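The primary structure of each chain is shown beneath.
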Amino acid sequence: MKYKSQKVAYWFFALSMLLLVLQITYGFIMGFARMGMDGLHEFIPFNTARAVHTNLLVVWLLSGFMGAAYYIIPEEAQRELVNVKLAYVQLISLALVGVTAIIGFHFNIWEGRKFLEIPRPLDYLVVVNVLLFLGLILTTLFKGKQQTTTALVLSMGLLFAALLYLPGMLPFDSQVTDSFFRWWVVHLWVEGVWELIMGGILSFLLIKLTGVDREVIEKWLYVIVGLTFLSGVLGTGHHYYYIGVNKIWLVVGGIFSALEPLAFLAMALFAVNMYRKGEKKHPNKLALYWTLGAAIVSFVGAGLLGFAHTLPQTNIYTHGTLVTAMHGHLAFWGAYGMIVFAIISYSLPNMTGRKLYDSSRGRMAYWLTNIGMIGMTVAFGVAGVAQVYLERKFKMDFMLVQKEIAVHFLVLVLCATMFATGITLFIIDFYKHGRPSDEALEIEE
Ligand code: HEM
Ligand code: HEM
Ligand SMILES: [Fe+2]
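In this text, all values refer to a predicted model and were calculated from it rather than measured experimentally. (Residues numbered from 1 in each chain as written. Chains lettered and ligands numbered in written order. Predicted model: local features only at pLDDT ≥ 70, side-chain atom pairs only at ≥ 80, totals over all residues. Heavy atoms only, no water.)

Draft legend 1. Local environment of the coordination of the iron atom of ligand 2. Within the first shell, the iron atom of ligand 2 binds the protein through His53 (NE2) and His329 (NE2), at distances of 2.0 Å. Each of the six donor atoms around the iron atom of ligand 2 contributes to a set of angles spanning 84 to 178°, which defines the coordination as octahedral. Taken together, the residues span a long stretch of sequence, with histidine 53 in helix α2 (residues 46-77) and histidine 329 in helix α12 (residues 322-352) at a distance of 276 residues. (Donors = N, O, S within 2.8 Å, 3.2 Å for Na, K, Ca; no water. Tetrahedral: all angles 85-135°; square planar, octahedral: opposite > 155°, others 65-115°. Helix = DSSP H or I, 4+ residues; strand = E, 2+ residues; numbered from the N terminus.)

Draft legend 2. Up close: the site of ligand 1. Of all residues adjacent to ligand 1, which total 26 residues, the nearest are Lys114, His319, Gly320, Thr324 and His327. Between ligand 1 and arginine 182 there is a distance of 3.2 Å, counted from an oxygen atom to a side-chain nitrogen or oxygen. Between ligand 1 and the protein, one listed contact pairs an oxygen atom with a backbone N or O atom of glycine 320 at 2.7 Å. Of the residues forming the shell around ligand 1, the biggest block, six residues, is contributed by α12. (Near = heavy atom within 4 Å. Polar contact = N/O pair within 3.5 Å; in protein donor to acceptor, adjacent residues only side chain to side chain.)

Draft legend 3. Seen up close, the site of ligand 2. By nearness alone, 23 residues border ligand 2, and Arg34, Arg50, His53, Lys114 and His329 come closest of all. Residue arginine 34 places a side-chain N or O atom 2.5 Å away from an oxygen atom belonging to ligand 2. Contact distances for ligand 2 include 2.8 Å between an oxygen atom and a side-chain N or O atom of arginine 50. Contributions of two or more residues to the shell around ligand 2 are made by α1 (8-35), α2, α12, α13 (360-393) and α15 (408-432). Split into classes, the residues belonging to the shell around ligand 2 amount to 14 nonpolar, six polar and three charged. (Nonpolar A, V, L, I, M, F, W, Y, C, P; charged D, E, K, R; others polar.)

Draft legend 4. Spatial organisation of the nonpolar core. Core analysis: the largest hydrophobic core is formed by 142 residues, its most contacted members being Tyr70, Trp194 and Ile201. For this core, the element with the highest residue contribution is α12, accounting for 20 residues. Tyrosine 70 has contacts with Gln6, Val8, Ala9, Phe12, Leu81, Ala87, Gln90, Phe133, Leu136 and Ile137, leaving out every residue within four places of it along the chain. (Core = buried A, V, L, I, M, F, W, Y, C linked by side-chain atoms within 4.5 Å. Buried < 20%, exposed > 50% of the residue type's maximum accessible area, 1.4 Å probe, protein only. Contact = heavy atoms within 4.5 Å.)

Draft legend 5. Looking closely at α2. Along its 32 residues, α2 runs 46 Å from first to last C-alpha, staying within 8% of the 46 Å computed at 1.5 Å per residue. Within α2, 28 of the 32 residues are buried, which leaves it mostly tucked inside the rest of the structure. (Expected span 1.5 Å × (residues − 1).)

Draft legend 6. Expanded view of the pattern of salt bridges. Across all of its chains, the model carries eleven salt bridges by this definition. A salt bridge links arginine 214 to glutamate 218, with the nearest nitrogen and oxygen atoms 2.9 Å apart. Linking arginine 214 with glutamate 218, this pair stays in helix α7 (residues 214-235), spanning four residues, or about one helical turn. Arginine 214 sits in the partly exposed class, given a relative accessible area of 23%. Glutamate 218 gets classed as buried once you look at its relative accessible area, which sits at 9%. (Salt bridge = Lys/Arg side-chain N within 4 Å of Asp/Glu carboxyl O.)

Written out as structure tokens, the structure is:
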């Protein structure tokens, strides 16, 4: 059963794609700057470009998650969204807050706290926006006919993500305390509650696409939630190794963060097993590709490449280098970028009535983005390892090292071009689906 108010999701996805294009633009600005072509330096210095790049990333993903929730919750709860007008108000205010923050960054209005650069006064607007979103989603869920595990896990992830934004707003005089709580946001988001959001979306998509019983799929979801909390909460310690807090974190962080890949492994096994068990009848193979891809690539990017620098013995060398950027790119793309692409690929044909999933454009988009991103990961990795040796082992001057590794950014930009071509194809498909319509949402799947 589909519901007319699910249309709201379309506009969140559209905003998400727009911000992704902007994010990539700033990525290229940095890629070229790293090669020595820094012509825009006067207007957009590297540090500004970096803050814009990462904040746009967070906002396009959040917009994608919100779109996913507006699509999934009515269907799971079996009722229309409680208030469609307010959902559009929330969409517009999200776009306004995001754009205001990004423009401000260009005038040096930002805080030097990686990922949390948005100035505190604007944070209050973020809070109001997210409260409105949660209000709409949670009332729809609890006024609905049923509260499924899938819907509860998704909503719980979104609710906790909102709550965890708050520790990042506390003012501290000490750099150490500030850093300590900054990780409650950054780490507990991507290695905690966002995994619940991903798990919820993954579970919804697998139920729809594989035809396996909900009971079986949701049992796996409990295992994933369990593994995530067991490892991820104390795993925060992998950011506390040498920042000036108690040394006990070396042991706690090392052990628990080393267990974190298990949650991602469970997700990959889950998706592949359900695919194998399933009837393989659903015609939207493209959505299935993105769904399985998210589960597998996130295990490589987050699980394996995260593990690669998580022990204190390695992290003492790799901390804050391009090794981190290597892991950051594939983890964010695999886990959260791809799951947003999966829900878009699944829901667009349902909302618009146009079934473009057999086009070769869609498959090209899939392979170009993924091969491009893997190439980028390798380029960052090679540059990162060279940087670690030159700078940290051989104590070469920081800026000299940056010159030495500039050549790797040529490879990065080439692979990024491939990635960006794939994104362009995906967005062309998005556009060609046309607008969502009430008629399309009346058709049974
Ligand atoms: C989808 C999940 C994940 C995402 C999106 C992600 C992304 C990131 C990002 C962006 C950073 C840089 C943060 C900053 O410096 O502010 C980072 C750091 C780090 N991540 Fe992950 N990560 C994920 C999962 C994991 C997992 C499962 C592990 C361990 C097994 C891990 C280990 C690390 C470590 C050790 C650092 C610190 C690097 C440093 O010291 O510079 N990550 N991650
Ligand atoms: C396709 C074009 C892209 C290019 C050329 C690009 C390039 C870059 C560069 C040069 C940096 C700065 C690294 C440094 O400090 O020197 C960076 C940072 C970052 N980018 Fe991208 N990027 C692109 C797309 C993406 C996408 C699609 C994602 C996520 C899905 C992403 C996630 C990140 C993250 C998380 C960081 C911060 C890493 C860290 O904390 O170390 N980027 N990017
Ligand atoms: Fe972490």
